[in-house]
Amino acid sequence: MKSNGNYTGLADVAPLEEELTALRRHLHQHPELSNFEQHTAALVADKLRQWGYQVATGIGGYGVVGTLQVGDGGKRLALRADMDALPIEESGDHDYRSRQAGVMHACGHDGHTAMLLGAARYLAQSRSFSGTLHLVFQPAEEIGSNSGAQRMIADGLFERFPCDAIFGMHNHPGYPAGTMMFRSGPFMAACDTITITITLHGKGGHAARPHLAVDPLVAASSLVMALQTVVARNIDPTEAAVVTIGSLHAGHAANVIPQSATMELSVRSFNPQVREQLKQRISQLAQQHAAGYGARAEVDILPGYPVLINHEQETEFARQVATELLGEQQVVAPFPAIAGSEDFAYYLQQRPGCFMRLGNGDSAMLHNAAYDFNDANLTVGAAYWARLTERFLTA
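Residues numbered from 1 in each chain as written. Predicted model: local features only at pLDDT ≥ 70, side-chain atom pairs only at ≥ 80, totals over all residues. Heavy atoms only, no water.

**As for the sheet that holds strand 8 (residues 190–199)**
Thinking step 1. Strand order in the open sheet formed by 4 strands is 10-12-8-13, with antiparallel pairing between adjacent strands. For this open sheet the edge positions go to strand 10 (241–249) and strand 13 (296–302), each flanked by a neighbour on one side alone. Taking the axes of each pair of neighbouring strands and ignoring which way they run, one obtains an average angle of 20° across the sheet.
Thinking step 2. Contacts from helix 8 (residues 272–291) reach strand 8, strand 10, strand 12 (260–269) and strand 13 within the one sheet, and its direction differs from that of strand 8 by about 10°. (Pairing = 2+ DSSP bridges. Helix = DSSP H or I, 4+ residues; strand = E, 2+ residues; numbered from the N terminus. Axes fitted to C-alpha atoms, helices over the stretch in contact; angles between N-to-C directions. Contact = heavy atoms within 4.5 Å.)

Spelled out as structure tokens, the structure:
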């Protein structure tokens, strides 16, 4: 441990604030979409090599793992940050706004990457632990399916870089910067995308003669309302679930009854059994409802990320570290479950660990064109990762 016998505090990492701010803003100016994180991954790998880490690249795409072994401790720890951006045109007017048209860091992955790099830099200097540290920089979290986490695992992440636990962190707008939030058990929702196409077997027609056609828009509009009963009347009231119809498309002209109508649903749940029940009931309802209008429903289900389930022991450990670093007043536990989804869930299916939230202050919401990561969190996040590493990999 450190010479004074204490673990890392905020003041220890404060000297890195200017460097980390510049790094975060550079990443913000140069965002890369899922599966295109070539330059971000190269920057991360270069920094880690400069600081003395053993670096592996090209894991599950543009994934990077930096490994630092200190002392003779036998425990192994993994920390993860995501690197990809979103296909959103930034609306902010700050001088470090995105230079890539239609692409921006609207979810704070630039900040997540910078915080973990800050911890990497500090720990490489202090070497204030005993054991093996793996820093996992992941691509393609935002993609929704066949994600970076899935591909890194399939590419042998845990076989090549064994760990006893893995931890991750995400910023959270609406809570004060520097506040950390924890919940054991189901924390973030499973998310599936369901596409329903109402087809008519050649029964489209002229708007003036609807009696000679089958109108898919009438069937689809009625189905939108019927789908609201799935959660209200088919799911146990003590369980949480969401069925949102995010798009409905049909036709191109006012005087034509189209041949088909297509809707897309986002379906979220916190229980694997409820997840399967939702998919089955939505499919049944769509097919039977369309048949009642003389049409047919084709249902396509694209499985998304599973429920993110934090492990109790690791979550309590992570909360204790936050309390030591920030004080009780800066820690919220248990934090309410979140209906958003996150592919860190796949790591937690393989190894014990915890995914936590870090308040981003009064910022725009995630995935908003006006969003920006709060730079006040950079040293907080770096200090937290350093302290958690020291506490987990105790000499």
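From this point on, the discussion continues.
**Brief notes about helix 4 (residues 109–126)**
Thinking step 1. Counted at 1.5 Å a residue, the expected span for helix 4 with its 18 residues is 26 Å, and the 26 Å between its end C-alpha atoms agrees.
Thinking step 2. Judged by how many residues are buried, helix 4 sits mostly within the fold: 15 of 18 residues are covered.
Thinking step 3. Note on helix 4: the residue one or two positions beyond its end, arginine 127, has a positive phi of about 45°. (Expected span 1.5 Å × (residues − 1). Buried < 20%, exposed > 50% of the residue type's maximum accessible area, 1.4 Å probe, protein only.)

**Focus on the packing of helix 2 (residues 17–29) against helix 11 (residues 377–392)**
Thinking step 1. Two numbers describe how helix 2 lies on helix 11: the axes approach to 9 Å, and their chain directions differ by 110°. It follows that helix 2 is roughly perpendicular to helix 11 by the angle criterion. Residues Glu17, Leu20, Thr21 and Arg24 of helix 2 touch helix 11, and the partners they reach there are Leu378, Thr379 and Ala382.
Thinking step 2. Split by residue class, the contact of helix 2 with helix 11 holds 3 nonpolar, 2 polar and 2 charged. (Parallel < 35°, antiparallel > 145°, perpendicular 65-115°, else oblique. Nonpolar A, V, L, I, M, F, W, Y, C, P; charged D, E, K, R; others polar.)

**Points about the environment of histidine 105**
Thinking step 1. Tracing the backbone shows histidine 105 in the loop between strand 3 (76–82) and helix 4.
Thinking step 2. A residue is classified by how much of its surface remains accessible, and histidine 105, at 2% relative accessible area, is buried.
Thinking step 3. Between the C-alpha atom of histidine 105 and that of histidine 30, which follows or precedes it by 75 residues, the distance is 8.8 Å.
Thinking step 4. Once you skip the residues sitting within four places of it in the chain, histidine 105 turns out to touch Leu27, His28, Pro31, Met83, Asp84, Ala85, Asp110 and Tyr371.

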